[in-house]
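Architecture and fold: a report
Single-letter residue listing:
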Amino acid sequence: MQSKVAVVILNWNGKKFLDDFLPGVIRHSQSDAEIIVADNDSTDGSVDFLKDKFPGVKIIQNDINGGFAKGYNDALKQVDAKYYVLLNSDIEVTENWINPVIELMESDENIAACQPKLLSYYELEKFEYAGAAGGFIDKFGYPFCRGRIFQTLETDTGQYNDVVELFWATGACLFVRTEVYHKLGGLDERFFAHMEEIDFCWRAKNEGYKIMYCPGSSVYHVGGGTLPKHSSQKTYLNMRNNNIMLFKNLPAYRLLPVFVPRLFLDGVAALKFLEDGGLKDMWAVVRAHWRFFSMIPQLLKDRKILKQGKISKIYRKNLVYAYFLKGKKTFNDLDQTKFT
């Protein structure tokens, strides 16, 4: 029998997070959703721990650690529900966190995905980096959020307590309509991890769907549960995947106007890493571009299959310029008339 909602937690060597946060997920979700842990071939005893301590939780065991994207794609093929909730293992949920989001999605069949308010587990009054109050990108593909631009995190004072359409919803707590997830082929497994949810949301928007934010639901995110916040591997994945995402989804007439400035800006970022002593991060930028350029023949084939077009919620200005040179540190500092 199909469940209406399935909360699916992808785990890789996260036994401590499961011990800390799964009881709360069960307590606040079991009457509203099926709870599933999909394990990405962990080596820390996570599966035995789950079987022993949480015998009522369904476990899906993936054969390999294929990262966030493949891990979820493989697991969700085995889950029968109308809505999936892709939930990070390092998230503390709250009472009635599921129903407000589902009610919003039920109100409009054109909503493909939605996120709750994402707050910091360590600073409860602040938004959390990975999604805050919903995601956007600028014209060069730099992601940011209501509540977080680059490293500036806002305090939640209720300024983003309105239901709004987004460009992307966070993969840390992603509610997604099952039918759309599979129609779009799920997450792009080449990403491994980082930005795959932004790519998914962009593809959904290119197909005419909406991405939404629901402030009536709040969760608290630790962050950096798989890769530390300062990691050259994270730098590599973010830089490579951002370029892949842009190349796949931009309309043809936007490719050169975006990629020429981006190559310059990425070069500046590499030099800044080097200046700050981050030789590994500088090298990660170089490696990311080499890998991206090697993938262009395959990405050109992808472009023939995928739709590209003008879509909403892109900031039509340069976020780097606005933030670093103009001092616009919060979402509401940005000119709201400059969004598509």
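The notes below deal with the structure included here. (Residues numbered from 1 in each chain as written. Predicted model: local features only at pLDDT ≥ 70, side-chain atom pairs only at ≥ 80, totals over all residues. Heavy atoms only, no water.)

1. Looking at the pairing of strand S2 (residues 34–39)
Note the following rule: A simple rule labels every residue: compare its accessible area, found with a 1.4 Å probe on the protein chains alone, to the largest value its type can have, and call it buried under 20%, exposed over 50%, or partly exposed in between. Strands here are runs of E lasting at least two residues and helices are runs of H or I lasting at least four, both read from the DSSP assignment and numbered beginning at the N terminus. Pairing between two strands is assigned when DSSP locates at least 2 bridges connecting them. Handedness of a crossover is defined as follows: with both strands directed away from the viewer, a clockwise route from the first strand across the helix to the second makes it right-handed.
Of all 6 residues in S2, 5 are buried; the element is thus mostly enclosed. Sheet analysis places strand S1 (residues 3–11) next to S2, joined by 6 bridges and oriented parallel. Across the sheet, the residue bridging to Ala-6 is Glu-34, located in S2. Chirality of the crossover, the property in question, places the unit of S1, helix H1 (residues 15–29) and S2 among those that are right-handed. Here S2 pairs with strand S3 (residues 58–61) via 4 bridges, running parallel. Residue pairing for S3: Ile-36 is matched across the bridge by Lys-58. Crossover connection from S2 via helix H2 (residues 46–53) to parallel S3: handedness right-handed.

2. What to know about the environment of Ala-322
Rule in force here: In what follows, a contact means two residues having at least one pair of non-hydrogen atoms within 4.5 Å.
With respect to the secondary-structure elements, Ala-322 resides in helix H10 (residues 319–325). Along the backbone, Ala-322 and Leu-104 are 218 residues apart, and their C-alpha atoms lie at a distance of 33 Å. In this structure Ala-322 touches Tyr-315, Gly-327, Lys-328 and Leu-334, once residues within four positions along its chain are discounted.

3. Remarks on the packing of H1 against H2
Operational definition: Helix axes are fitted only over the stretch in contact, all axes being lines through C-alpha atoms; the angle between N-to-C directions runs from 0 to 180 degrees. Here the angle decides the label: under 35 degrees means roughly parallel, over 145 means roughly antiparallel, 65 to 115 means roughly perpendicular, and every other value means oblique. For any helix crossing, the convention is left-handed if the near helix is rotated counterclockwise from the far helix by under a right angle, and right-handed if that rotation is clockwise. Residue type decides the class: Asp, Glu, Lys and Arg count as charged, Ala, Val, Leu, Ile, Met, Phe, Trp, Tyr, Cys and Pro as nonpolar, and the leftover types, Gly among them, as polar.
Where H1 meets H2, the closest approach of the two axes is 9 Å, and the angle between their N-to-C directions is 25°. Between H1 and H2, the interaxial angle falls into the category roughly parallel. Once H1 is placed against H2, the crossing between them reads as right-handed. Counting all contacts with H1, which are made through Lys-15, Leu-18, Asp-19 and Leu-22, the residues of H2 involved are Ser-46, Phe-49, Leu-50 and Lys-53. A per-class count over the contact of H1 with H2 returns 4 nonpolar, 1 polar and 3 charged.

4. Focus on unusual backbone geometry
Despite not being glycine, Asn-13 has its phi angle at roughly 55°, a positive value. Its place among the elements puts Asn-13 in the loop between S1 and H1. Notably, Asp-41 is not glycine yet its phi reads approximately 55°, a positive angle. Using a relative accessible area of 41% as the deciding quantity, one classes Asp-41 as partly exposed.

5. A few points about a nonpolar patch on the surface
For the record, the criterion: Each patch groups residues whose relative accessible area exceeds 30% and which form no salt bridge, using 9 Å between like charges and 5 Å between nonpolar side chains of Val, Leu, Ile, Met, Phe, Trp and Tyr. Areas reported here follow the Shrake-Rupley algorithm with a probe of radius 1.4 Å; residue values treat only the protein chains shown as occluding. The term salt bridge refers to a pairing of a side-chain nitrogen on Lys or Arg with a carboxyl oxygen on Asp or Glu at a separation within 4 Å.
A cluster of nonpolar side chains, contributed by Leu-271, Leu-274 and Leu-279, occupies part of the molecular surface with about 300 Å² of accessible area. On the basis of relative accessibility, which here comes to 41%, the residue Leu-274 falls in the partly exposed class.

6. Some remarks on helix H9 (residues 279–305)
Stated precisely, the cut-off is as follows: Take the residue count of a helix, subtract one, and multiply by 1.5 Å to get its expected span. Note on bend: the value at a residue is the angle between axes fitted to the seven residues ending there and to the seven starting there.
The first and last C-alpha atoms of H9 sit 38 Å apart over 27 residues, in line with the 39 Å expected at 1.5 Å per residue. The largest bend along H9 reaches roughly 55° and is located at Ile-296, with the proline Pro-297 sitting one to four residues downstream. The inward-facing, buried residues of H9 abut helix H7 (232–249) and helix H8 (255–275).

7. So, the packing of aromatic side chains
Put simply, the rule reads: Any two rings among Phe, Tyr and Trp, with Trp reduced to its six-membered ring, count as a pair given centres within 6.5 Å; such a pair is stacked if its planes are under 30 degrees apart, edge-to-face if over 60, and tilted if neither. Note on geometry: a ring has a charge over it if NZ (lysine) or CZ (arginine) is within 6 Å of the ring centre and within 35 degrees of the ring normal.
Within the structure shown, the criterion is met by 28 aromatic pairs. Ring plane angle 90° and centroid distance 5.8 Å describe the contact between Tyr-84 and Tyr-181, whose orientation is recorded as edge-to-face. Placement of the pair is Tyr-84 in strand S4 (residues 81–88) and Tyr-181 in helix H5 (residues 178–183), with a sequence separation of 97 residues. Overall, Tyr-181 belongs to the buried group, its relative accessible area being 2%. Aromatic side chains Phe-259 and Phe-292 sit 5.5 Å apart centroid to centroid with 5° between the ring planes, which places their arrangement in the stacked category. You can see Phe-259 sitting in helix H8 and its partner Phe-292 sitting in helix H9, a full 33 residues away along the chain. For Phe-292, a relative accessible area of 2% translates into the label buried. Here the basic side chain of Arg-148 rests over the ring of Tyr-129, its NZ or CZ set 3.9 Å away from the ring centre. The ring of Tyr-236 carries Arg-287 above its face, with NZ or CZ at 4.4 Å from the centroid.

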